[in-house]
Amino acid sequence: DTGVSQDPRHKITKRGQNVTFRCDPISEHNRLYWYRQTLGQGPEFLTYFQNEAQLEKSRLLSDRFSAERPKGSFSTLEIQRTEQGDSAMYLCASSLRLAGASNEQFFGPGTRLTVL
Amino acid sequence: GEDVEQSLFLSVREGDSSVINCTYTDSSSTYLYWYKQEPGAGLQLLTYIFSNMDMKQDQRLTVLLNKKDKHLSLRIADTQTGDSAIYFCAESIGGGSQGNLIFGKGTKLSVKP
């Protein structure tokens with residue numbers, strides 16, 4: 001059983017460029033989450049999917065950010081016109097959400113984005 | 001709004017017990033979690049507790065929950081150098097129905113040999 005995987009692990013880009021990250025959740029997990037973590041902080045929630053439906057978006061997710069999970073399996077997070085403030089670790093997590101269950105979220109290794 | 005607070009640093013000697021404390025604000029949180037993060041890595045789920053419990057033990061880990069005071073603690077018995085990491089407390093929001101987590105800033109645990 002493989003865990004959550006993310007690709008790439010590191011991305012360096014110039015300001016104004018677009019970037020896309022991919023997350024592959026644990027197979028059969030119906031929920032997938034994106035978080036952002038900056039230095040010295042805990043992860044901050046961005047958005048989550050249940051199957052292919054995007055159910056919630058944080059106010060942190062500006063119009064430049066878009067996430068998809070087209071077939072209810074892997075997900076992509078795209079940032080358009082990157083800014084230096086977008087530099088952070090982007091974490092993906094997945095869970096098997098069942099009624100009344102604990103909904104433990106399992107995290108991937110993250111994608112570290114550096115915007116120059 | 002929702003908030004989770006933790007002390008930022010804790011230093012212990014190898015073999016001693018470590019106690020990491022956390023306070024949270026959302027009284028509707030149904031589950032509370034502890035995660036461990038090593039440098040440059042993602043988060044590893046250590047344990048969690050359901051809000052109707054006051055204690056949970058899992059090998060060297062003991063979680064205590066005081067729901068009245070909204071206080072959560074993680075005790076690590078016989079702390080080892082490999083336990084050095086940042087520990088995050090997290091609460092689930094909206095009674096668990098939403099599922100997104102609110103994290104504290106993390107407690108950096110340093111274990112001295």
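Structure shown above.
Below, the structure is looked at part by part.

Criteria and thresholds
- The written sequence of each chain sets the order in which its residues are numbered from 1.
- Working convention: letters from A go to chains and numbers from 1 go to ligands, in the order in which they are written.
- At least 70 in pLDDT is required for a residue's local features to be given in this predicted model, at least 80 for side-chain atom pairs to be given and counted, and no such filter applies to totals for whole chains, interfaces and linings, which use all residues.
- Side-chain measures here rest on the full set of heavy atoms in the structure, leaving out hydrogens and waters.
- Secondary structure follows DSSP: runs of H or I at least 4 residues long count as helices, runs of E at least 2 residues long count as strands, and numbering of each begins at the N terminus.
- Under the scheme applied here, a residue whose accessible area is under 20% of the maximum for its type counts as buried, over 50% as exposed, and between as partly exposed, the area being computed with a 1.4 Å probe on protein chains only.
- Neither His nor the chain termini are counted; the positive set is Lys and Arg, and the negative set is Asp and Glu.
- By convention in these notes, a salt bridge is any Lys or Arg side-chain nitrogen within 4 Å of a carboxyl oxygen on Asp or Glu.
- For this analysis, a polar contact is any N or O atom pair within 3.5 Å, provided that within protein one partner can donate a hydrogen and the other can accept it, and provided that sequence-adjacent residues contribute only side-chain to side-chain pairs.
- Residue contacts follow a heavy-atom distance rule, with two residues in contact if any of their heavy atoms lie within 4.5 Å.
- The criterion for an aromatic pair is that two Phe, Tyr or Trp rings (for Trp, the six-membered ring) have centres within 6.5 Å, with stacked assigned to planes under 30 degrees apart, edge-to-face to planes over 60 apart and tilted to the rest.

**Re the side chain of Arg69 of chain A**
All names here are of chain A. Note on placement: Arg69 falls in the loop between strand 7 (65-68) and strand 8 (75-79). The side chain of Arg69 is buried and forms no salt bridge, while Glu52, the nearest opposite charge, is found at 7.0 Å. Reaching out from Arg69, the side chain makes a polar contact with the backbone oxygen of Gly72 at a distance of 2.9 Å. Aside from chain neighbours lying at most four places away, what touches Arg69 is Pro25, His29, Asn30, Arg31, Leu32, Phe49, Gln50, Asn51, Glu52, Phe74 and Ser75.

**Topic: the side chain of Gln37 of chain B**
Here Gln37 of chain B lies in strand 4 (residues 31-37). On the basis of relative accessible area, Gln37 of chain B is assigned to the buried category, the value being 9%. In this structure the side chain of Gln37 of chain B is engaged in a polar contact, spanning 3.0 Å, whose partner is the side chain of Gln37 of chain A. A polar contact is formed between the side chain of Gln37 of chain B and the backbone oxygen of Ala41 of chain B, at a distance of 2.8 Å.

**A short note on the packing of aromatic side chains**
As enumerated under the stated definition, the model contains 17 aromatic pairs over all chains in all. Consider the rings of Phe45 of chain A and Tyr48 of chain A, whose centres lie 6.2 Å apart with planes at 55°: the pair is tilted. One exposure class covers both Phe45 of chain A and Tyr48 of chain A, and it is buried. Here the aromatic residues Tyr33, Tyr35, Phe45, Tyr48 and Phe107 of chain A together with Tyr31, Tyr33, Tyr35, Tyr48, Phe50, Phe88 and Phe103 of chain B are joined through ring pairs into a cluster of three or more.

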